[in-house]
Structure formats: structure tokens, C-alpha cells
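Report on the structure
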Amino acid sequence: MQRALHEIHSPPSLLALCVQKLAQNLIKYGPKRVRYATLSALPRRALEELLDILVAKNALNDNVLPYALTRQTHKLGLEGASQLRRCVLSTIGRSCPNLCVLDVRTCQQIDNKIVRDVLQHCERLEVLRLDGCPRISDSAFAPALWKPPLAGLLGLRELSVGKCGQITAEGLMGYVLKGAPYLRTLGLAYCHGTVTDEVASELLFQFGLQALDLSFCSQLSDAPFQAHPRSLLRELRLSNTNVGDKGIEEIAKRSPQLEVLDAGWAMKLTDAGILAVLNHCCRLQSLCVCQTEITDKCFEAIMRCRNLECLNASWCLRATAHALDILSDQTVESRPPLKRFDLDHLGAMALDTGVDAVGPLPMPLTASPVQWAQSASSLSPLPPYWLPTRLPLSEPPSMLLPPAAGDDTVQEGCWEPPAAPRPCALPSLKNIVAVYGKSLEQLLLDGIKDIAYAPALEAVASNCPMLEQLAVTLPESDTDAALKAALSLIGAQCSCLVLLRLDSSSRSHKAAVDSLALPLFSRLSSLTLWCSAGSGLQDPQLETILSGRTLLQTLVLRNCAVSEGLFPRWCNRDRDEALVRQLDQVLLSSLNRSFSETLQLKPADLPESVPLRRKRQHLNSAAAALRSVTYFSLGGASSLSDRSCDALAELLHDAQTVDLRGCPQLSEETLRSFRKGCRFIRSVSVTMRERTLTWTALTSSVKKHRHRRRSHFTSGSSGTESN
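Residues numbered from 1 in each chain as written. Predicted model: local features only at pLDDT ≥ 70, side-chain atom pairs only at ≥ 80, totals over all residues. Heavy atoms only, no water.

In this model, Leu 518 is joined to Pro 519 through a cis peptide bond whose omega is 15 degrees. Here Pro 519 is to be found in the loop between α19 (510–515) and β15 (526–530). The phi angle at Phe 216 is positive, at roughly 65 degrees, despite the residue not being glycine. Structurally, the position occupied by Phe 216 is in the loop between β6 (211–213) and β7 (235–237). Classification of Phe 216 as partly exposed rests on a relative accessible area of 27%. Positive phi is not limited to glycine here, since Asp 450 has a value of about 60 degrees. As for its placement among the helices and strands, Asp 450 is situated in the loop between β12 (442–444) and α17 (454–463). (Helix = DSSP H or I, 4+ residues; strand = E, 2+ residues; numbered from the N terminus. Buried < 20%, exposed > 50% of the residue type's maximum accessible area, 1.4 Å probe, protein only.)

As C-alpha cells, then:
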């Protein structure tokens, strides 16, 4: 742990500093200060780091890339570089014969010819990622006529073709799997037409794959997982599929070496399937079961995993708050070495309603047992009793209390509520920190109320030196002074923290704002803050949060009440507008004079505040913090206008994604301001009063989604519904 802390706090190397300065000059000045021809003379490691910085900032262009393609290039990552022309990308294969890793995900201009050319000339290619390239088809992996076989396939070990809808099952089996004998990792996410039960059974057992991604393949069933007796899989991803307990049980028995399982949003998955995985896969290191039907019983089995390091059980509504107590049980002799927790909204149903979520869900009072059995077997992510039901006019009996004493009669066709709910004590965050704190890197507890009290947050600060990501919901009962002290302690002692999410929507956000002032949380690069809906985030509070920050890349603010003139003031536009008004007055006054008198005006006759030459205006520290933000999301700022957003676009000069919600006064002019002011913009979304405008750089088009307003009324004839 001390070695890891030393690596985090160690200063950057001289090479890294030089590459960062070179990237800044390239972005800001271009060929005025940097000669593009000298880039090819850089060391291989420096050139690869330079490309990574430019791609991350969406600043790589056609003028720089040709000089970065050399024979010494081994790794080329161009994910999301949709602005590059196809004629430049077509030179990758011939310019980089020693290429080992190529990542062109979401580059929609990539076609079959470019991929085939890379596979033809790059004999050392090992990793090829083509996710989100819709132009790719089977012919990309087939050798051209009168040419030798593709040499790049012979050494290929990882291939990802997610969202490549033109690839067929015949092409996958005939060209890819037969032409790449050493392939060990294959990604087929969103390939609905390619992955069938027959294809999946061969991929699972026949080709010796160690990592397979079948996420979002909705036609996949349980049948392929029991086709053969043994599999060599170490990593399997089945999120958002129709795979149930039967399939998971079979693959767990046949893959004892499984280390990573992602079954999130598999709505048919219950305790039986996860228990089979935990019992048969002793080497399991990462488990994702978010939005499944598991209960507290699975968490008891998780405590017996000797190698589990990452657990994602967010939105598991059938679990209870007792699951956290199970994970933090200090009486257990051996426990998993968990480092990363993602438990957002775990047991939210039980926490909000007070029911016992371990057993079956309580049936509505107006439903029969047959109807309850039918609704419980549905695939809806919401519990059946959340759906609206027609109740009698009289007040129905409480679902959480037993029947009144002496009342032995039960209405026909109704279910009798339980005698009494089992008490479920709220978990203590201090216990989790005491058990896993020394090695804890991620702790996401969004939506779990009444556990992040001030003493628990102080325990996080004192016991979690390696913590990098933290998300909590602040309780209502604690005082502002206690929460401010606890959060300030986290900001001072958790020096590795880079991501912070604070939900203060149910209480005053003053304590959260005061604790976010520098020098606390100095390494923060991602901040999400839900403010109180009553008062909202005010202008001075936003300045307190942003003042002095230079590393912030992601900023998400909800329930904001910033004024209309805040961003123009940060851009010094108030002073410019005053000068314009004074100049207008001088011009109007000159119209009332003769032409000769106008020519005889002296500089002393002009207002003193009008400068003869425009000087460079320096931004304040809060406005300068927005320069480094690449993802910006603002919600609830109802006072913002097109003028404010035009100034905001000037401040978010390097932003790539902008999302504005709950701003009824905005128009299409705001969209044009961001497209003009943000030079590296990828997408903009503006939610106005009646519609939502969305623009993306991939399509270069504006999509308009009009909000529907439903008005229900009964006509005189048929009683139809009108929208």
C-alpha cells in the first residue's frame, strides 16, 4: 500500500511534462510553434503518449496524424476520432508495419478497405478494436482477390466488433475464427443478428476463447450453455440478455476458472444462478449483478469468495439494507479482499417502504394469488405493486401492519398481509470501512439513506487512504457543522480521491459546498453535486466550488439556481456591453452635429473608459476552472437565457459533451453557441420547455424531440383519450 501511495504522489517524469507541454502547444498554436515534421523523430513512448492526449481532448486532426504514423509505432489509439478523414486512415497499414494494438472504436468512417489493409501489412497485430464501426462487414476479414491471406489474423489475440451489424455468423466463423488460431478475446456486444444459440454454443466451448462478450444479444437463451462438458472461459459478459438461472448454473459448472462475470440487467437471474457461480468458480475476482433479482442470501455466499475484489450490486431491489451488514461482518474469519464496491440504491425498495425484501414481494390487496403469480414472473424491472391499481373509495388497510385483533375475516380473492414485518436495522458504514478500509478504492453508495452520518464519514477519512471514488447520500438529521467537518476531513486525508458524488437533495447543501473549497479535494477530476431543491445552488456557492481548480474534467450539477448574468460576468461581458452602449451614445450624438464638427472630435471628448485597443482580459479563478472541463451537465437553472449560454460556451472552450436540463428559456440559438464556441465538441443536448434538441458530431445533424402533453378528457360518445 505504501508503494502504491508513493506512485500516486510521485511527481511526473520529465518525459511526461515535455509531452504535456508539446500537446498544449499543438492544441493552442498548431504549426505556428510546432513543426509537424519533427514529430516523427520523437521516441516511440513519447509519440504514443502525445497521441493519447490529443485523442482524449478530441484535438487530433489530419495534419498531425500522418507524422505520427511511423515504423516504430506499436500502439495506436484513435477511439472517437470521427473527424479524421478516410484518406489519412487508409495509410495506417503501410506506415505502421510493426503495429501491435489498433483501437478505432466509434470511428464511423472506418471501412472494410482500411481494416483489410491493416491486416495485410501489420503482421505483429495482436489487438484490434472495431466497436461502433457500422461500415465493417465480412469482407474486412477476407483476403482480396489474387492476394495472400491476411497475415495480421495469424497473431491476433483480441478482437472486438460490437455494434458492427453487417458481420454475419458465416463470416465470423469462416473468416475470423478460422483465420485467427490464437484468438483468445472476442467482443460481440449488440450483434443481434450474428449471435444465435448455435453460434454461442460454439464460441463458448469450441475455439478455446478465454474472454467473451455477448452483452445486449437479446435473442440468447439458456440452451447454448449446456452444449459441451467443459469451457476455458475466464471472462464472460452477459449483461442485458435473457439468460436465466439455468444457463448461469450450467456455465458455472463447466467454467471453474471463471474470474470475471458480468450479468447486470439480466432480469431472469435470481439467487440460484449466482449461488452456483459462487460455489463452483473459486477464482472469481469481479462480479456484476446489478438490477437482478438476488436477495441477501447471495451476499452471505459472497463472503465465502476468497479472491473477489470488485462487486457491483447496484439497483438490486429485492435485497435489503441488511446486505451491507453481511458484507461488514467482523466475526467472519475469512472474507473476500474487496476493493471496489458499487452498491448504488441497493435495497432501495426495502429502505423506502420498510418491507422485508428477502422474501417474496407483498401482493396488492386487490390481487388474487393467481394474478400475483403471473405478475411475479414478468420481466418488468419494477416490482408489480408499484403499478397503479384501482382501490375502493374507502381507505385500504395498511400493507405493513397485521390485521386488527379479533378480525379473522379476509375478503375473498385477497391476500392476507403478514403478521408483522421483520425489523431491519440500518447498516453502519463504519463497519464496512473498518473491515475493508485499508485497501478500499471505490465506495459508491448513492441512494442508500441514513448511513453516511458524520461519524461514519470521519471513519472513511481515517481508514481509507487508497480511496479513489466516493458516492454518498447525506442524511437529513446531521447538522451542517458536523457534516462540514467530516467531509473536510475526507478532503484533507483521502489524497487519492478523484471522483466524488454527493446527494444533498433532501437537506441543505451548505455543508457540502463549504467542504469543497480548496485546498480540500485538490486532486478531484469528477464532481457530481445534487443540491437542495428548495434554495438551489447560488452564484457565490458555485464560485466557492470552482475557484482555483485546474484538474476538473467532469462537472455535474443538479438543482442549480444560478443567475442569468453569472456566466457573462465571468467572461467580462458586462464591461464590454457598457463600452458598446457608450460608443452608441457617441455615434448617436454625432448624428445631431454637422459632418465638420464630427471630424473635429478630439480623444478627450470620448468617454474615458473606452480603450483605444482591446487588451487581453483575464478570467477569474472560478471561470478558469471550466477551461479543463470536458463533460458538463447542468440541471434546474431556469433563469439561464441564450445570452448566458453564449458566455458559457466561451468558458467551456475545450468541452466535448454539454447537457443542459430544465432550462425553459433556451432556444436553438444556445445550440449554435456551443457548436461555435466549443472547438472540440462531440455532442450537445438542450432541454427546453416543449422539446429537447440534440446535436452530435458523428451525424452533424440536430434532432428535435417534442415533449408530449397529455390531456385526458371524456368525450360524449366513446370516451377516448386525446393528446
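Attention shifts here to the pairing of strand β16 (residues 554–558). Of all 5 residues in β16, 4 are buried, a share of seventy percent or more. Inspection of the sheet shows β15 paired to β16 by 5 bridges, in the parallel sense. The residue bridging Ser 526 from the neighbouring strand is Thr 554, located in β16. For the handedness criterion, the β-α-β arrangement of β15, helix α20 (residues 539–546) and β16 is classed as right-handed. (Pairing = 2+ DSSP bridges. Right-handed = clockwise from strand over helix to strand, strands pointing away.)

A few words now on the pattern of salt bridges. One side chain can pair with another of opposite charge once the charged atoms of both are near each other. Applying the stated rule across the entire model yields 25 salt bridges. When the shortest N-O distance is used, the salt bridge between Lys 246 and Glu 250 registers 3.4 Å. Taken together, the positions of Lys 246 and Glu 250, both in helix α10 (residues 245–254) and 4 residues apart, correspond to about one turn of that helix. What makes Lys 246 partly exposed here is its relative accessible area of 42%. Residue Glu 250 is classed as buried on the basis of its relative accessible area, which comes to 8%. For Arg 679, the salt bridge is made with Asp 654, and the minimal N-O distance between the two is 3.2 Å. Taken as a pair, Arg 679 in the loop between α26 (668–677) and β19 (683–687) and Asp 654 in the loop between α25 (642–651) and β18 (657–661) lie far apart in primary sequence, 25 residues in all. Overall, the relative accessible area of 39% leaves Arg 679 in the partly exposed class. Through salt bridges with shared partners, a single network forms among Glu 79, Asp 103 and Arg 105. (Salt bridge = Lys/Arg side-chain N within 4 Å of Asp/Glu carboxyl O.)

So, on to the pairing of β15. The element β15 is largely enclosed, with a buried count of 4 among its 5 residues. Summarising the sheet, strand β14 (residues 499–503) and β15 pair through 5 bridges and their orientation is parallel. Paired with Leu 499 across the two strands is Ser 526, which belongs to β15. Tracing the backbone out of β14, into α19 and back to the parallel element β15 gives a crossover that is right-handed.

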